[in-house]
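Topology and contacts: notes
Listed below, chain by chain, are the residues.
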Amino acid sequence: MAIEKRSVCPYDCPDACGLLVKVASGKVTGVRGDPDHPFTRGSLCPKMAHYERTVYAPGRLTRPLLRTGPKGAGQFKPVSWDEAIKIIVERWQKIIAENGGEAILPCSYAGTMGLVQRNAGHAFFYRLGASRLDRTLCTPAKDYGWKAVMGGTLAPHPDEAAASDLIILWGLNALATNIHFLHAVRRAKRQGAAVWLIDTYANPTAKIADRVFLVHPGSDAALAVAMAHVLVRDGLVDQAFIDRHVQGYEEYKREILPDYTPTAASKLTGLPAEVIEEMALAYGRAAAPFISVGGGLARYGNGAMTVRAIVTLPALTGAWQKRGGGVLVGVATGSALNVSLVTREDLMDERTRIININQIGDALNDLTDPPIKSLYVYHSNPAAVLPDQNRVIQGLLREDLFTVVHERFLTDTARYADIVLPATTSLEHSDIYRAYGHYCLQRAFPVIAPVGEAKSNWEVFCLLAQAMGFTDEIFRRTTDELIEEMLAHPTPWLEGVDMARLKAGLPVELPLPADYKLDFKTPSGKIEIYNPRDAEPLPRYLPPHGDEAPFWLMTAPSLYGLNSSFNERADLIRRRQRMSLLMNPDDATGKGLRDGQRVIAFNRRGEVAFYLAVSPAVPPGVVVAEGVWWLDYALNGRTVNALTSQRLTDRAGGSTFYDTKVDVRAE
Ligand SMILES: Nc1nc2c(c(=O)[nH]1)N[C@H]1C(S)=C(S)[C@@H](COP(=O)(O)OP(=O)(O)OC[C@H]3O[C@@H](n4cnc5c(=O)[nH]c(N)nc54)[C@H](O)[C@@H]3O)O[C@H]1N2
Ligand SMILES: Nc1nc2c(c(=O)[nH]1)N[C@H]1C(S)=C(S)[C@@H](COP(=O)(O)OP(=O)(O)OC[C@H]3O[C@@H](n4cnc5c(=O)[nH]c(N)nc54)[C@H](O)[C@@H]3O)O[C@H]1N2
Ligand code: SF4
Ligand SMILES: [Mo]
């Protein structure tokens, strides 16, 4: 007889859905959304509706593997865990003796968002003295932009958007990446709210928007500052709110806004000046406008500044004091649990060098003193998801690089490994999850036993620590003991939480203080349009990096994949169809290209073959490649990140995936 057990979706998605998992005779037979989850309310996205197909996918790794063929050939033989751990530790001890601990580099990212398994390697690698990794692949520039203006202010509760009369999805493909936010959007719409999408192409979310505004890639700051120009010019600002809560309004008005007329911004954004006027007036006249900002517009050389310019808007109209008004950049509840009990930075003897994850391609090939001699990858697929794929693969091909990959599947990266270790899925290990799109916390217990010989991230680091002779007590704890320890550590967030529910694996919502939206946690206690701590104290438009090529390349999310996850799923691959490049009909005609033919997108970093999909959803001068495919599906042995670059954002060392230009030719 089947029973249902609670769990949490572990993926890197703002929603962190509550799951009810059907189990019969020790096997998962189905998954549905947990109707008792306060934010996700019983629905799941198409990717997770059949999570059991991922758990039992034909490609699931069940035993440790040792490379037998050339690097990258994917030829391995099974070995025991004891053998695998022994090979790793002997090789590392030799590397440490010859080159020092910094010759070893961990590479992990966001395959699982659980606080223990996600951070499982930190204590071990600090203790080992390995090089450190700056994990800035996703949206550090977006977070920087928010903090530069708002400091540690709490984000508005996403469900508040239900009370808004104008919701702006600013570079957010919510239908693919944040579907449960749409619950509030739909409620607002039923009460007459307008919904706008501001994007670089009419992405799938366009169909739920009343208006779609397409801007030139990397130009949103010009739009935001020009909207501010009109708001001030036409007296649509809330002077009382500004006097009380805003720092730097006069400087912004005097030094920045005069240059940003709608006409000037039109040249940068491509939007007609009258449309910019219309947008500003509608924003200024809305009773409670709510902006939700996506990550894409921050993945440019000017990303942090763009976000600052957008975040400034509700300060001008006083939208913060209205129910339903404000701007949501991301929910930050990182301090709810004391994760340093797991990460244990104190185990680091000497501060070792830091390598930016976006620049692993160069680091693997160019670093000396010491060179990287070993890469340990867990819950990430760097060969597919990092920028500048040719450089990353060039590094992974090095005969003298000892690569270990702990994975659920034989990914693009695992193919280049010397040792592959099988990983559990989230249904096979414990963890505790927070979310970056809402205020819930939830603990998850294993629902089934590990498939084959799979082990969790934490278990593997405990084995490695023992084999290395590390006697620190932490490496003898279990995942559940670490979770209990975090839960026993008081934090302001946990006060007022029903701990019995949380410990039992039920979703709990962290309580928000009354009036939190007007409690501006910045050094001045005000919204800081003027930020004296930044070398650029006022928001303005800065140009993105760009490239010498005619088309901007949008490396946009897919509805049926999540970064490179879900490529194991035949059902989802069928829905994604094939590696396509979307192009505007006039551009295709201009290039003499036909719908459906094979083309090569290229720039100085690489060449990637796609099927051309001619589409009016894409404006001229832009091409779109949705989703990150595994190399198994590549047409010419490379996927989209062979085109993207290792350049960083203006602040916070972030990725610049969208700041990429290419040319296109027939294959
Ligand atoms: N189905 C699905 N869900 C996902 C993911 C996925 O890959 N697939 N990824 C997960 C992860 S790790 C993250 S970080 C989030 C990301 O979630 P989002 O923030 O929604 O996704 P982004 O990749 O940032 O892209 C959002 C939109 O930004 C647009 N965009 C690009 N450049 C610009 C610009 O200059 N201006 C404007 N206005 N728009 C621009 C893109 O065209 C795209 O439509 O989603 C998570 N959820
Ligand atoms: N071109 C382009 N590149 C992108 C993006 C894009 O939109 N376009 N998005 C970027 C963004 S926003 C992000 S956040 C990154 C994401 O980059 P990654 O975090 O590397 O994400 P995934 O591609 O999902 O790969 C995660 C891997 O972890 C494995 N895994 C899952 N759970 C576990 C576990 O418990 N243990 C172990 N050991 N393995 C596990 C999965 O099988 C999967 O292969 O990609 C970035 N790269
Ligand atoms: S990927 Fe996102 S929307 Fe889909 S089930 Fe997981 S948390 Fe929910
Ligand atoms: Mo991300």
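Since this is a predicted model, take the numbers as computed values, not measurements.

**Some remarks on the overall build of the protein**
Helix and strand content of the protein: 23 helices and 27 strands. Here the C-alpha atoms of the protein give a radius of gyration of 25 Å, agreeing with the 26 Å that 2.2 N^0.38 yields for 667 residues. Projected onto its principal axes, the C-alpha coordinates of the protein cover approximately 75 × 65 × 55 Å. Residues classed as buried in the protein amount to 63% of the 667 residues present. Taking the contacts inside the protein whose residues are at least 6 apart along the sequence as the reference set, 77% of them involve residues at least 24 apart. Summing over all exposed atoms, the protein offers an accessible surface of approximately 23,600 Å²; the carbon and sulfur share of this is 50%. Once the 73 positive and 74 negative side-chain charges of the protein are each reduced to a mean point, those two points are 4 Å apart.

**Observations regarding the pattern of salt bridges**
Within this structure, the stated rule accounts for 43 salt bridges. Measuring nitrogen to oxygen at the nearest pair gives 3.1 Å for the salt bridge that ties Arg 6 to Asp 36. In this pair, Arg 6 is assigned in strand E1 (residues 3–8) and Asp 36 in the loop between strand E3 (27–33) and helix H1 (52–55), connecting sequence segments 30 residues apart. Classification of Arg 6 by relative accessible area gives partly exposed; the value is 27%. Of the charged contacts, one joins Arg 351 and Glu 345 as a salt bridge, the two residues approaching to 3.5 Å between their closest N and O atoms. Overall, the relative accessible area of 39% leaves Glu 345 in the partly exposed class.

**Brief notes about helix H11 (residues 262–269)**
Taken together, the buried positions of H11 are Pro 262, Ala 265, Ser 266 and Thr 269. Looking straight down H11, one finds that the buried residues subtend no more than 110 degrees of arc, so they occupy a single side. For H11, the secondary structure elements touched by its buried residues are strand E10 (211–214), helix H8 (220–233) and helix H12 (273–285). The first or second residue beyond H11 is Gly 270, which carries a positive phi of 85 degrees.

**Side note on the environment of Leu 44**
Within the secondary structure, Leu 44 sits in the loop between E3 and H1. In sequence terms Leu 44 and Asp 15 are 29 residues apart; their C-alpha atoms lie 9.5 Å from each other. For Leu 44, the contacting residues outside a window of four places in its chain are Cys 17, Gly 18, Leu 19, Val 31, Arg 32, Gly 33, Ala 49, Ile 179 and His 180.

**What about the UniProt feature "domain: 4Fe-4S Mo/W bis-MGD-type" (unreviewed entry) in the protein?**
Per the UniProt record, "domain: 4Fe-4S Mo/W bis-MGD-type" (unreviewed entry) is found at residues 2–59. Between the end C-alpha atoms of residues 2–59 there is a gap of 26 Å, over a span that is 7% helix and 34% strand.

**Remarks on the packing of aromatic side chains**
Taken as a whole, this structure holds 23 aromatic pairs when the rule is applied. Where Tyr 11 meets Tyr 51, the ring centres are 6.2 Å apart and the plane angle is 75 degrees; that geometry is what we call edge-to-face. Taken as a pair, Tyr 11 in the loop between E1 and strand E2 (18–24) and Tyr 51 in the loop between E3 and H1 lie far apart in primary sequence, 40 residues in all. The two residues Tyr 11 and Tyr 51 agree in class, both being buried. On the numbers, 4.9 Å between centres and 70 degrees between planes, the contact of Tyr 378 with Phe 461 is edge-to-face. Of this pair, Tyr 378 sits in strand E15 (residues 374–378) while Phe 461 sits in helix H19 (residues 457–468), and the two are 83 residues apart along the sequence. Following the ring pairs from residue to residue traces out a cluster consisting of Trp 92, Phe 124, Phe 125, Tyr 376, Tyr 378, Phe 461, Phe 470 and Phe 475. When the ring centre of Tyr 56 is taken as reference, the NZ or CZ atom of Lys 27 above it lies at 4.3 Å. Cation over ring: Arg 127 sits above Phe 470, and NZ or CZ is 4.4 Å from the ring centre.

**Some details on the site of ligand 2**
What surrounds ligand 2 is a group of 30 residues, the closest being Ala 110, Ser 380, Glu 407, Ser 564 and Ser 565. Within the backbone of Asn 381, a nitrogen or oxygen atom sits 3.0 Å from an oxygen atom of ligand 2. Here Ser 564 contributes a side-chain N or O atom positioned 2.5 Å from an oxygen atom of ligand 2. Notes on ligand 2: free accessible area 920 Å², of which the protein chains cover 96%.

**What about the domain arrangement of the protein?**
Domain boundaries in the protein define domain 1 (3–55), domain 2 (65–137 + 335–509), domain 3 (156–329) and domain 4 (551–666). Distance from the C-alpha centre of domain 3 to the C-alpha centre of domain 4: 27 Å. Counting residues at the interface gives 19 residues for domain 3, matched by 22 residues for domain 4. At the boundary of domain 3 with domain 4, the tally comes to zero salt bridges. When its residues are assigned to classes, the side of domain 3 that touches domain 4 shows 11 nonpolar, seven polar and one charged.

**Looking at the sheet that holds strand E20 (residues 508–509)**
Adjacent strands of a sheet pair through backbone hydrogen bonds, lying either parallel or antiparallel. On the basis of which strands lie adjacent, the open sheet formed by three strands has the order E18-E19-E20 and antiparallel pairing. Looking at the sheet topology across the chains shown, the edges are occupied by strand E18 (431–433) and E20. Bridge count for strand E19 (residues 440–444) against E20 is two bridges, and the pairing is antiparallel. Within the sheet, the bridge partner assigned to Cys 440 lies in E20 and is Glu 509.

**A closer look at the sheet that holds E1**
If you trace the three strands from one edge of the open sheet to the other, you get E1-E2-E3, paired in antiparallel fashion. Edge positions in the sheet fall to E1 and E3, since each of these pairs with one other strand and no more. On average, each strand axis in the sheet is tilted by 30 degrees relative to the strand beside it, whichever way the strands run. Sheet topology note: the E2/E3 ladder contains six bridges and is antiparallel. The residue of E3 that forms the bridge with Ala 24 is Lys 27.

**Some points on the site of ligand 3**
Neighbouring ligand 3 are the residues Cys 9, Cys 13, Asp 15, Ala 16, Cys 17, Leu 44, Cys 45, Lys 47, Met 48 and His 180. Across the shell around ligand 3, the residue classes tally to seven nonpolar, one polar and two charged.

**Some words on the pairing of strand E6 (residues 104–108)**
Of all the five residues making up E6, five are buried; the element is thus mostly covered by neighbouring parts of the structure. With burial as the criterion, each face of E6 is covered, one bearing Ile 104, Pro 106 and Ser 108 and the other bearing Leu 105 and Cys 107.

**Focus: the side chain of Ser 219**
Here Ser 219 is to be found in the loop between E10 and H8. Contact partners of Ser 219, with chain neighbours within four places excluded, come to Leu 268, Thr 269 and Tyr 541.

**Re helix H20 (residues 479–488)**
For H20, the set of buried residues is Thr 479, Leu 482, Ile 483, Met 486 and Leu 487. The buried residues of H20 occupy one face: seen down the axis, they fall within an arc of 135 degrees. Packing partners of the buried residues in H20 comprise helix H3 (115–118), helix H15 (340–343), E18, E19, H19 and helix H21 (499–503).

**What about the nonpolar core?**
Among the nonpolar cores identified, the biggest contains 79 residues, and Trp 92, Phe 124, Phe 125, Tyr 376 and Leu 464 are the most heavily contacted of them. Taken domain by domain, this core gets at least three of its residues from each of domain 2 (65–137 + 335–509) and domain 3 (156–329). Discounting residues that sit within four places of it in the chain, Phe 125 has contacts with Trp 92, Ile 104, Pro 106, Ala 130, Tyr 376, Tyr 378 and Phe 461. Listed in part, the 62 residues of the second largest apolar core include Phe 241, Tyr 260, Val 293 and Ala 304.

Thresholds applied
- Residues numbered from 1 in each chain as written.
- Chains lettered and ligands numbered in written order.
- Predicted model: local features only at pLDDT ≥ 70, side-chain atom pairs only at ≥ 80, totals over all residues.
- Heavy atoms only, no water.
- Helix = DSSP H or I, 4+ residues; strand = E, 2+ residues; numbered from the N terminus.
- Rg over C-alpha atoms; globule rule 2.2 N^0.38 Å.
- Buried < 20%, exposed > 50% of the residue type's maximum accessible area, 1.4 Å probe, protein only.
- Contact = heavy atoms within 4.5 Å.
- Areas by Shrake-Rupley, 256 points an atom, 1.4 Å probe, with all protein chains shown as cover.
- Lys, Arg positive; Asp, Glu negative; His and termini not counted.
- Charge placed at Lys NZ, Arg CZ, Asp CG, Glu CD.
- Salt bridge = Lys/Arg side-chain N within 4 Å of Asp/Glu carboxyl O.
- Arc of directions from axis to C-beta.
- UniProt positions renumbered as here; feature names shortened; annotations may be inferred.
- Phe/Tyr/Trp six-rings, centres within 6.5 Å; stacked < 30°, edge-to-face > 60°.
- Lys NZ or Arg CZ within 6 Å of the ring centre and 35° of its normal.
- Near = heavy atom within 4 Å.
- Polar contact = N/O pair within 3.5 Å; in protein donor to acceptor, adjacent residues only side chain to side chain.
- Domains from an automatic or database assignment.
- Nonpolar A, V, L, I, M, F, W, Y, C, P; charged D, E, K, R; others polar.
- Pairing = 2+ DSSP bridges.
- Axes fitted to C-alpha atoms, helices over the stretch in contact; angles between N-to-C directions.
- Core = buried A, V, L, I, M, F, W, Y, C linked by side-chain atoms within 4.5 Å.

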